[in-house]
Amino acid sequence: MIVAGLDIGSTTTKAVILGFGQGFGGFYSDSMKPTGIDMPSVSKEVIGEAAGKVRLSFNDIERIVSTGYGRISVPFRTREMTEITCNATGVRKLYPQATLAVDIGGQDSKVIKMDASGRILAFAMNDRCAAGTGQFLEGAARTLGVSIDDLAKISRESKRKITMNSTCAVFAQTEIVSLITGRAKTEDIAAAVHEAVANRVYGLIRSVNPEPAAQIVMTGGVARNAAVVGSLERMLDREILVPNNPQVVTAYGAALLAEDLG
Amino acid sequence: MKKGEMLTGFKTMFKHPYRRAAEWKRITGKKVIGCVPMYFPDEMVHAAGALPVALFGSGEPISHADAHLMTNACDQVRSTFDSLLKGHYDFMDGVAALHVCDQVRFFIEVWQLDRPFPFFHQMWRPFKMDGSTRPFLLKELERLKSSLEKLTGNQITPQALRESIESYNESRLLIRAMNDIRSRRPGILGAADTARIIAAGMLMPIEENITLMKQLISVLEREAIDGSERTRIVVAGHPCAVPDADLLDMLENYGLSVIDDDLFSGGRRCATDVILENDPVEALADSYMNALPCTTHHFPSAWMKSGDDHSPYSDHVIEMVRKGNAEAVVILRMMYCDPFDLEFVFLKKRLEEEGIPFLPLVTQHGPVPLESLRTRVQAFAERLKTHL
Ligand code: SF4
């Protein structure tokens, strides 16, 4: 059986392909691409690419579970499931002890609280606002004139603490501009931006009232940003586990659920 | 009449909330009083020969009200005020409100300054309901009685008031019967339809409402739906406002069936009768003293029994869950409704303690941006293992 998990996020579309069953021995493949406006075509391409890596094609996929904000846009899905269920499934497969999943994507952030058996107890998502998401970081990087990949590195040089007052992504841009004109250093602003994102996510984490001893796993594009992860670890006073490829964990969970559909 | 036709009829009534009241006024030449939700004693207005209609605002985008109100006014208040400024209430003869919260008080005072109506009445009902409350309410009811008598020129006799109370009790009984059918056979009546039926009942003469409800119930009783495969949930929260129909439909499209609720346009409206033993004014006062726990009033006697953080309101929601054999609660939080926000803290804690899954959704009056809520609702349904 060959199945795919397809996570159509606001910024990036990710696919994970799993092969299992007799004669296969099991295999894994993934791929991702910017989402764009034609979600069905991009999704087909991403699945095709991931399939190509294991010398298969789109047509070889027997079941597809779609997830993410574009999950209902692909007519070829076998089933659609929310990113909450898919993310929790992926996280638990990678970290069977995890009881708190934090996923920060391009335009949304979510926190999922689970019990010891992996059952979802509560979840929270950011409300109609891009603060505390990848988009916030991207906007800030653009205003600062640095690449998003360098933002975390630059912030490591920070020596002076600046606190950002705006919790709204749009107002934050204005605040960054005024900090730049006020001759604040780029690295200090970058550090403040990370702190602001971490602050929002921290609020979201608090809203699900996590167990003090919860094992925390962070996924999504922003989990690759060491500065945000570090800030959050300091705020929570706990270690946060980040998988090798944090962006595809939700798609991986979708693929696992596709496997279970049978 | 068929069920579909009846439901369409209620839908149309709710879409044009004041059409019937304006027509009634044209035909009868009598007075129409807009009553701000919740808990205004409609019986008294009815006994004075006037028509009480609930002011639910409208589903229209809010464009006029924000220039007059604070931006943190709840959406129910904003929408009602917006409807006023757009002239939707111009045909009415007056406005009346019970002091459910400070927001209501402030906004109707702004109303009276901005657009004075010939009749304006605020009935005070304390937040804290203790030994001093009943005599106070009696005075308030007498004050309301005389101002309505002055407006209409009709004397509110004990007999007239008694008859009005009986009619309203009958309508409450019928709503309870409808809700009971819904609970026994989930899926027979959608949550959006139920809310619209109850809300529409507050926009027409009570006698018409009674006739329609009787017809509806006999139609429902003939229907063969048992809905036993659906996940039973309770909807709580959302004081005053009628929740967005699309949002309620969305819950049900994901396999969740609302079997009971705590809405003003729902179970709360019909929960307790006015018990007529002696004097009808006293009976009305007693009905406030026996009201269900609510986020807009509290009884220190019940509260102090079990300590500072005891929440009778949470008990009430949990009881609905247990009695209705429900699996979960969806909590509709109207933006900026501070009475509910304060109680939400206790409710959340209690539901967690009881192990009852719940989904809080922050909603707005009027069209709700559904896409932002869809993932939450679907994930909640997945969690409850429905719609898989
Ligand atoms: S919805 Fe809440 S804040 Fe608004 S009028 Fe009702 S009780 Fe007051």
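Scroll up a little and you will see the structure.
If you're wondering where the values come from, they're calculated on a predicted model, not measured in any experiment.

Colleague: So what exactly am I meant to see when it comes to the overall build of chain A here?
Modeller: Looking only at helices and strands, chain A has eight helices and 10 strands in total. A globule of 262 residues ought to have a C-alpha radius of gyration of about 18 Å, and chain A, at 19 Å, matches this closely. Across its three principal axes, chain A shows a C-alpha extent of roughly 65 × 40 × 30 Å. Residues classed as buried in chain A amount to 53% of the 262 residues present. By sequence separation, contacts in chain A at least 24 residues apart represent 63% of the contacts at least 6 residues apart. Carbon and sulfur atoms make up 50% of the accessible area of chain A, which amounts to about 11,800 Å² in all. Between the averaged position of the 28 positive side-chain charges in chain A and that of its 27 negative side-chain charges there is a distance of 2 Å.

Colleague: What exactly am I supposed to notice about the sheet that holds strand S9 (residues 216–219) of chain A here?
Modeller: Backbone hydrogen bonds are what pair the strands of a sheet, in a parallel or an antiparallel way. All names here are of chain A. Strand order in the open sheet made by the five strands is S8-S7-S6-S9-S10, with mixed pairing throughout. Looking at which strands have only one partner, the edges of the open sheet turn out to be strand S8 (120–125) and strand S10 (240–241). Note that strand S7 (residues 109–114) and S8 share five bridges and pair antiparallel. Counterpart to Ile 112 in the pairing with S8 is Phe 123.

Colleague: How should I be thinking about unusual backbone geometry in this particular structure?
Modeller: In terms of backbone geometry, most residues other than glycine have negative phi values and most peptide bonds are trans. Residue Pro37(B) is joined to Met38(B) through a cis peptide bond whose omega torsion reads 5 degrees. Residue placement: Met38(B) occurs in the loop between strand S1 (32–36) and helix H3 (42–47). Of note, the phi angle at Arg55(A) is positive, near 55 degrees, even though the residue is not glycine. In this fold, Arg55(A) is placed in the loop between helix H1 (39–53) and strand S4 (63–67). Arg55(A) sits in the exposed class, given a relative accessible area of 81%. With phi around 70 degrees, Tyr39(B) is a residue other than glycine that occupies positive phi space. Mapped onto the fold, Tyr39(B) is located in the loop between S1 and H3.

Colleague: So what exactly am I meant to see when it comes to the environment of His310(B) here?
Modeller: Note that His310(B) resides in the loop between helix H13 (300–305) and helix H14 (312–323). Along the primary structure His310(B) and Asn325(B) are separated by 15 residues, whereas in three dimensions their C-alpha atoms are 23 Å apart.

Colleague: Where do I start with the sheet that holds strand S8 (residues 358–363) of chain B in this structure?
Modeller: All names here are of chain B. Strand order across the open sheet formed by four strands is S6-S5-S7-S8, with parallel pairing between neighbours. The two strands at the open ends of the sheet, each matched to only one other strand, are strand S6 (256–261) and S8. Taken over all neighbouring pairs, the strand axes of this sheet differ in orientation by 30 degrees on average, direction set aside. Where strand S7 (residues 328–334) and S8 come together, six bridges link them in parallel fashion. By the bridge assignment, Met 334 is partnered in S8 with Thr 363. Contacts from helix H7 (residues 158–184) reach strand S5 (231–237) and S6, with the element oriented near 145 degrees to S6.

Colleague: I tried to follow the interface of chain A and chain B on my own but got confused; where do I start?
Modeller: Interfaces are often sized by the accessible area lost when the parts come together. Opposite the 20 residues of chain A that make contact, chain B presents 15 residues. At the surface where chain A touches chain B, the tally comes to zero salt bridges. The interface formed by chain A and chain B contains 10 residue pairs in polar contact (both at pLDDT 80 or more). Every element with two or more residues in the side of chain A that touches chain B is listed here: strand S5 (79–80), helix H2 (83–94) and S8 of chain A. If one sorts the elements of the side of chain A that touches chain B by residue count, S8(A) sits on top with five residues. For the side of chain A that touches chain B, the per-class residue count stands at eight nonpolar, five polar and seven charged.

Colleague: Could you clarify how one ought to interpret the packing of helix H1 (residues 3–15) of chain B against helix H8 (residues 191–201) of chain B in this entry?
Modeller: Working note: a packed helix pair is described by the angle between its axes plus the distance between those axes. All names here are of chain B. In the contact formed by H1 and H8, the axes pass within 9 Å of each other and the chain directions differ by 60 degrees. Relative to H8, the element H1 lies oblique. Considering how the two elements wind past one another, H1 and H8 form a crossing that is left-handed. Listed contacts from H8 to Leu 7, Phe 10, Lys 11, Met 13 and Phe 14 of H1 are Asp 193, Arg 196, Ile 197, Ala 199 and Ala 200.

Colleague: Explanation requested: the nonpolar core in the structure shown.
Modeller: Nonpolar side chains in soluble globular proteins generally cluster together in the buried interior. Residues Trp111(B), Met178(B), Val329(B) and Val330(B) are the most contacted members of the largest nonpolar core, which totals 147 residues. Core analysis: the second largest hydrophobic core is formed by 39 residues, Ala196(A), Val197(A), Ile216(A) and Met218(A) among them.

Colleague: Help me understand helix H10 (residues 245–253) of chain B in this model?
Modeller: The α-helix advances 3.6 residues per turn, and as a result positions three or four apart in sequence lie on the same side. All names here are of chain B. Leu 247, Leu 248, Met 250, Leu 251 and Glu 252 are the residues of H10 that are buried. At its buried positions, H10 is contacted by H8, S5, S6, S7, S8 and helix H16 (370–383). The backbone nitrogen of Asp 246 lies 3.3 Å from a side-chain oxygen of the residue at the head of H10, namely Asp 244. Just downstream of H10, Gly 255 is the residue with a positive phi angle, here 90 degrees.

Colleague: What am I meant to see in the pattern of salt bridges here?
Modeller: Side-chain pairing between opposite charges can occur once the charged atoms of the two side chains come close. Residue and element names in this part refer to chain B. All told, the structure shown has 40 salt bridges over all chains when counted by the stated rule. For Asp 262, the salt bridge is made with Arg 268, and the minimal N-O distance between the two is 2.6 Å. A single burial state applies to Asp 262 and to Arg 268, both of which are buried. Salt bridges sharing partners connect three or more residues here, namely Asp 315, Arg 322, Lys 349, Arg 350, Glu 353 and Glu 354.

Colleague: Could you clarify how one ought to interpret the site of the ligand in this entry?
Modeller: Around the ligand, the neighbouring residues are Cys74(B), Val77(B), Cys101(B), Gln103(B), Val104(B), Pro239(B), Cys240(B), Thr296(B), Cys337(B) and Pro339(B). Its residues assigned to classes, the shell around the ligand comprises eight nonpolar, two polar and no charged.

Colleague: Please explain the side chain of Thr133(A) as it appears in this structure.
Modeller: All names here are of chain A. By secondary structure assignment, the location of Thr 133 is in the loop between S8 and helix H3 (134–144). For Thr 133, a relative accessible area of 0% translates into the label buried. Among all residues touching Thr 133, those that are not within four sequence positions of it are Ile 104, Gly 105, Gly 106, Gln 107, Asp 108, Ser 109, Asn 126, Val 197 and Val 222.

Colleague: I tried to follow the pairing of strand S4 (residues 119–123) of chain B on my own but got confused; where do I start?
Modeller: Side-chain direction in a regular strand flips from residue to residue, so the side chains alternate between the two faces of the sheet. All names here are of chain B. The element S4 is extensively covered by neighbouring structure, given that four of its five residues are classed as buried. Bridge count between strand S3 (residues 94–98) and S4: five bridges; the pairing is parallel. The residue bridging Ala 96 from the neighbouring strand is His 121, located in S4.

Colleague: Got a minute to help me understand the environment of Ser166(A) in this structure?
Modeller: Residues and elements named next belong to chain A. The residue Ser 166 is located in the loop between helix H4 (148–155) and helix H5 (169–181) in this model. On the basis of relative accessible area, Ser 166 is assigned to the buried category, the value being 16%. Counting along the chain gives 45 residues from Ser 166 to Leu 121, while the straight-line C-alpha distance between them is 31 Å. For Ser 166, the contacting residues outside a window of four places in its chain are Phe 171, Ala 172 and Glu 175.

Reading the values: the criteria
- Residue numbers run consecutively from 1 along every chain, following the written order of its sequence.
- For naming, the first written chain is A and the first written ligand is 1, with later ones following in the order written.
- Given that the model is predicted, a residue must reach a pLDDT of at least 70 before its local features are reported, and side-chain atom pairs must reach 80 or more before they are shown or counted; all residues, however, enter totals for whole chains, interfaces and linings.
- Each side-chain value is worked out from all heavy atoms of the structure, with water and hydrogens disregarded.
- The way it works is that DSSP assigns letters per residue, a run of H or I at least four long becomes a helix, a run of E at least two long becomes a strand, and they are numbered from the N terminus.
- The size measure is the radius of gyration over C-alpha atoms, and the globule rule it meets is 2.2 Å times the number of residues to the 0.38 power.
- Burial classification: accessible surface area is computed with a 1.4 Å probe over protein chains only, and a residue below 20% of its type maximum counts as buried, one above 50% as exposed, and the rest as partly exposed.
- The contact definition used throughout considers only heavy atoms, calling two residues in contact when any of these lie within 4.5 Å.
- Note on areas: these come from Shrake-Rupley sampling with a 1.4 Å probe, and a residue is covered only by the protein chains present in the view.
- Just so you know, the count uses Lys and Arg for positive and Asp and Glu for negative, and it drops His and the chain ends.
- A single reference atom marks each charge: NZ on Lys, CZ on Arg, CG on Asp, CD on Glu.
- Any two strands with at least two DSSP bridges between them are considered paired.
- In this analysis, axes come from line fits to C-alpha atoms, helices being fitted only over the stretch in contact, and the angle between any two N-to-C directions falls in the range 0 to 180 degrees.
- By definition here, a salt bridge exists when the distance from a side-chain nitrogen of Lys or Arg to a carboxyl oxygen of Asp or Glu is within 4 Å.
- As used in this structure description, the phrase polar contact means that two N or O atoms lie within 3.5 Å; if the pair is within protein, one of them must be able to donate a hydrogen and the other to accept it, and residues adjacent in sequence are counted only when both atoms belong to side chains.
- In this count, Pro and Cys sit with the nonpolar residues alongside Ala, Val, Leu, Ile, Met, Phe, Trp and Tyr, while Asp, Glu, Lys and Arg are called charged and the others, Gly among them, polar.
- Put simply, angles under 35 degrees are roughly parallel, angles over 145 are roughly antiparallel, angles from 65 to 115 are roughly perpendicular, and the rest are oblique.
- Handedness of a crossing is defined here by the sense of rotation of the near helix relative to the far one, left-handed for an anticlockwise turn of less than a right angle and right-handed for a clockwise turn.
- The term nonpolar core refers to a set of buried residues drawn from Ala, Val, Leu, Ile, Met, Phe, Trp, Tyr and Cys, joined through side-chain atoms within 4.5 Å.
- We call a residue near a given molecule or strand whenever any one of its heavy atoms falls within 4 Å of it.

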